[in-house]
Amino acid sequence: EDKPIFLSIGYSSCYWCHVMERESFMDEEIAALLNEHFVCIKVDREERPDVDQIYMKALHLTGQRGGWPLSMFLSPGGKPLFSQKYGMLGGTYWPARDNDRGRSIGFLTVAESVREAWSESKEELLQGADLVAKAVRQELRGQSEAEEIALDDKMITGVWEDLQDEYDPKWGGFGYSPTNPRVPKFPEPSNLMFLIDRVRRKDVENWEEAREILTHTLDKMSQGGIYDHLGGGFHRYSVDRYWHIPHFEKMLYDNGQLASVYAEAYEVTGNEEYRFVVEGILDFVQREMTDKSGGFYAALDAETDAEEGKFYRWEREQLDKQIDKKDRALFGEIYNLNGEPNFKDEHGDGEYYVPMLSKSLNEHAKEREMTLDELLEKLKPTRERLFAVRSSRERPLTDTKVLTSWNGLMIRGFADAGRILKSPHYIEVAEAAAEFLWISSRKDYRLMRTNTDGVATLNAYLDDYAFYIDGLIAIDRAGGSLATKSRQMAASLQSKQNELFWDEEGGGYFFTSSDHEQLIARTKDPIDTVIPSGNSVSAGNLLHLSYQSKDESKATTLRMLAAQTMQASGLYLRASPSAVPRMAIHVAEYLELEDALPAPSDAKPLTGEAETEQP
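Residues numbered from 1 in each chain as written. Predicted model: local features only at pLDDT ≥ 70, side-chain atom pairs only at ≥ 80, totals over all residues. Heavy atoms only, no water.

Undergrad: Mind showing me how you'd approach the overall build of the protein here?
TA: From N to C terminus, the protein includes 22 helices and 19 strands. Rg of the C-alpha trace for the protein: 25 Å, near the compact-globule value of 25 Å for 615 residues, within the 12% margin. For the C-alpha atoms alone, the extent of the protein along its principal axes is close to 70 × 70 × 45 Å. Taking all 615 residues of the protein together, the buried fraction comes to 59%. Between the mean site of the 71 positive side-chain charges and the mean site of the 105 negative ones, the protein shows a separation of 3 Å. (Helix = DSSP H or I, 4+ residues; strand = E, 2+ residues; numbered from the N terminus. Rg over C-alpha atoms; globule rule 2.2 N^0.38 Å. Buried < 20%, exposed > 50% of the residue type's maximum accessible area, 1.4 Å probe, protein only. Lys, Arg positive; Asp, Glu negative; His and termini not counted. Charge placed at Lys NZ, Arg CZ, Asp CG, Glu CD.)

Next up, the structure:
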């Protein structure tokens, strides 16, 4: 039809995606314009992260901040429209019309402008689109050829030095603005895992300082409203520097990683409060995010009845009605419910309470000359009463997709907690999810990306293989009844991953398989964000499988692949080390392993043939 594409990328629990849907896509005037002059495509970024990566990178290349919904205008061939006159024809959220929500430009004006530009300057837009597509390919390709970048301790200390610079010394966490406390703050589990690894290596310099940064951050996170003090589990991020008010959606990938983080932090510190947080996360996931088949759901929405946080927030009258006067002093003081409300809704016409701790539970217990368990027991009846009332409210939407990669993170969370907390039940939950994926999310020996109502679809990405393998390795480490089988499953999947994703020229792994649908770029992203890079996790998987293998030649080959995967991120490890903290963990592990092993003597080249035996 020779029309431009309007592409809207979002996800099920994205609040502003819902807002734009209601304001613009359900508006008859705007819908008529879109349907007449554009081909409209809606993409779930959780199902198609490859599409999201490409167009988010295009937006970033023109200096715009990313976010969701991601709204892009494309050529019929899928290239982002651009010209010197109009700039990048894309952005994130727009209100429906000019001056709505205090914004000068509305989506109707944007769409009209793109229609006009396509009519009057099509060739210029298409030429610009070619340039943007070329730049995106170069950015997402990474190193074009394998480089012999020496792996050394400087790569590890570089991450440590960067994290010190980015650390918020007052409120914990990383990447804050001292002049603007409203800059969102995310948990960033990969940074926390790096700190845990540094604390474990007590022979390294500054390990005690790493412990202080780690525990301060974990304490502030678990005290703030970003943690659900009634139902357990973490919300996606805090809208402020202080971890106080969350963006209320709950994502499986956060809770999977943070279960591992807090469990391992408990192991290295002995802080019983961390154990309580782990148990809260896992109880929440079992109760609200676990399918009867054993798989884990993707997310819980942030809104109910088009109001963000409505399910989680409290009015003063509601609290007065539910908390006995004799309990109000204690419970209200501990959870900051006795003073002024701490949360205003989006429109600013309602004030509410979001429970959060005024200080750690350990400190509260000490002040009252109680043990932590005694204090928790005293708080339990009121917490359970408020939780029961909250549970009777209309619930936010649950996204029941079972994503293989996120399930891998949660499998590891349960397995790590089971191993560290000595809980066979948690290990059994991890095993049930791993078995479900093995049986229901594979076709012809390959993984599928998503499974909904028992139907698996879409070819898996690198993250699906890497995170699932990581979860299987965690089950093996936990020593449950399926330990040996999970080790065999991990080895088989690693062989398939090598066959489908390995980059022969640059080392490491592409994000999409060699037979994936062809888009304007084939991505290869080494950066650890709120979700770790598939390459970072794969480096650790390869190392673990190498020293589990009884075949010396196979073990040597796996170590060689691990080294090449790390070297493929070498430029980041040198120039932007805090972008790859998870990879730095495995560089440290590799250097330690190489020091303890004889020089490799019989490394077989990667053949591209996958082992297909079925454990």
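Undergrad: Mind showing me how you'd approach the pattern of salt bridges here?
TA: Pairing between side chains becomes possible if they bear opposite charge and their charged atoms approach one another. The full count for this structure, using the stated rule, is 51 salt bridges. Measuring nitrogen to oxygen at the nearest pair gives 2.8 Å for the salt bridge that ties Arg-201 to Asp-197. This pair shows no difference in class: Arg-201 is buried, exactly as Asp-197 is. Three or more residues joined by partner-sharing salt bridges are found here, namely Arg-200, Glu-264, Glu-267, Arg-412, Asp-416, Arg-419, Asp-470 and Arg-582. (Salt bridge = Lys/Arg side-chain N within 4 Å of Asp/Glu carboxyl O.)

Undergrad: What exactly am I supposed to notice about the packing of helix H2 (residues 28-37) against helix H4 (residues 107-120) here?
TA: Packed helix pairs are specified by the crossing angle of their axes together with the interaxial distance, meaning the distance between the axes. Two numbers describe how H2 lies on H4: the axes approach to 10 Å, and their chain directions differ by 20 degrees. In terms of axis orientation, H2 runs roughly parallel to H4. The chirality of how H2 crosses H4 is left-handed. Listed contacts from H4 to Glu-29, Ile-30, Leu-33, Leu-34 and His-37 of H2 are Phe-107, Leu-108, Ala-111, Glu-112 and Arg-115. Classifying every residue of the contact of H2 with H4 by side-chain character gives 6 nonpolar, 1 polar and 3 charged. (Axes fitted to C-alpha atoms, helices over the stretch in contact; angles between N-to-C directions. Parallel < 35°, antiparallel > 145°, perpendicular 65-115°, else oblique. Left-handed = near helix turned anticlockwise from the far one by under 90°. Contact = heavy atoms within 4.5 Å. Nonpolar A, V, L, I, M, F, W, Y, C, P; charged D, E, K, R; others polar.)

Undergrad: Can you help me understand the environment of Tyr-253 in this one?
TA: With respect to the secondary-structure elements, Tyr-253 resides in helix H9 (residues 252-269). Overall, Tyr-253 belongs to the buried group, its relative accessible area being 4%. Along the backbone, Tyr-253 and Gly-413 are 160 residues apart, and their C-alpha atoms lie at a distance of 9.9 Å. Those residues in contact with Tyr-253, other than ones at most four positions away along the chain, are Arg-236, Trp-406, Leu-409, Val-530 and Ile-531.

Undergrad: When you look at the sheet that holds strand E3 (residues 70-74) in this model, what are you seeing that I'm missing?
TA: Spatial strand order, E2-E1-E3-E6: 4 strands in an open sheet with mixed pairing. Whereas interior strands pair on both sides, the edge strands pair on one side only; in this sheet they are strand E2 (39-44) and strand E6 (90-91). Sheet topology note: the E3/E6 ladder contains 2 bridges and is antiparallel. Residue pairing for E6: Met-72 is matched across the bridge by Gly-90. (Pairing = 2+ DSSP bridges.)

Undergrad: Got a minute to help me understand the side chain of Arg-419 in this structure?
TA: As for its position among the elements, Arg-419 is in helix H15 (residues 404-420). Not counting residues up to four positions away in its chain, the partners in contact with Arg-419 are Glu-264, Glu-267, Ile-427, Arg-477 and Ala-478.

Undergrad: I'm lost on the pairing of E3 in this one. Help?
TA: Consecutive residues of a regular strand have side chains that alternate between opposite faces of the sheet. The element E3 is extensively covered by neighbouring structure, given that 5 of its 5 residues are classed as buried. Residue alternation in E3 divides its side chains into two sets, Leu-70, Met-72 and Leu-74 and Ser-71 and Phe-73, and both sets are buried. With 5 bridges joining them, strand E1 (residues 5-10) and E3 adopt antiparallel strand pairing. Across the sheet, Ser-8 pairs through a bridge with Ser-71, a residue of E3.

Undergrad: Explain the state of the cysteines to me, please; I cannot follow it from the model alone.
TA: Chemically, a disulfide is nothing more than a covalent bond linking the sulfur atoms of two cysteines. Tallied over the full model, the rule gives 1 disulfide. The disulfide that involves Cys-14 links it to Cys-17, with 2.4 Å between the sulfurs. Because the torsion about its S-S bond is 80 degrees, the bridge between Cys-14 and Cys-17 counts as right-handed. Accessibility assignment for this pair places Cys-14 and Cys-17 in one class, buried. Unpaired in this structure, Cys-40 has its nearest cysteine sulfur neighbour in Cys-17, at a distance of 16 Å. (Disulfide = S-S within 2.5 Å.)

Undergrad: Help me out: how do you make sense of the packing of aromatic side chains in this one?
TA: Working definition: an aromatic ring pair is given by the centre-to-centre distance plus the angle between the planes. Applying the stated rule across the entire model yields 27 aromatic pairs. Residues Trp-171 and Tyr-242 carry aromatic rings whose centres are separated by 5.0 Å and whose planes lie at 70 degrees to one another, so their mutual orientation is edge-to-face. Separated by 71 residues along the polypeptide, Trp-171 in the loop between helix H6 (153-166) and helix H7 (189-200) and Tyr-242 in the loop between strand E7 (237-238) and strand E8 (246-247) bring together distant segments of the chain. You can call Trp-171 buried: its relative accessible area is 19%. Judged by its relative accessible area of 28%, Tyr-242 falls in the partly exposed class. Among the aromatic residues, those joined into a cluster by ring pairs are Phe-6, Phe-25, Phe-38, Phe-73, Trp-94 and Phe-107. Residue placement shows Lys-250 over the ring face of Phe-284; its charged tip is 4.0 Å from the ring centre. Across from the ring centre of Trp-314, 4.1 Å away, lies the NZ or CZ of Arg-393, which sits over that ring. (Phe/Tyr/Trp six-rings, centres within 6.5 Å; stacked < 30°, edge-to-face > 60°. Lys NZ or Arg CZ within 6 Å of the ring centre and 35° of its normal.)

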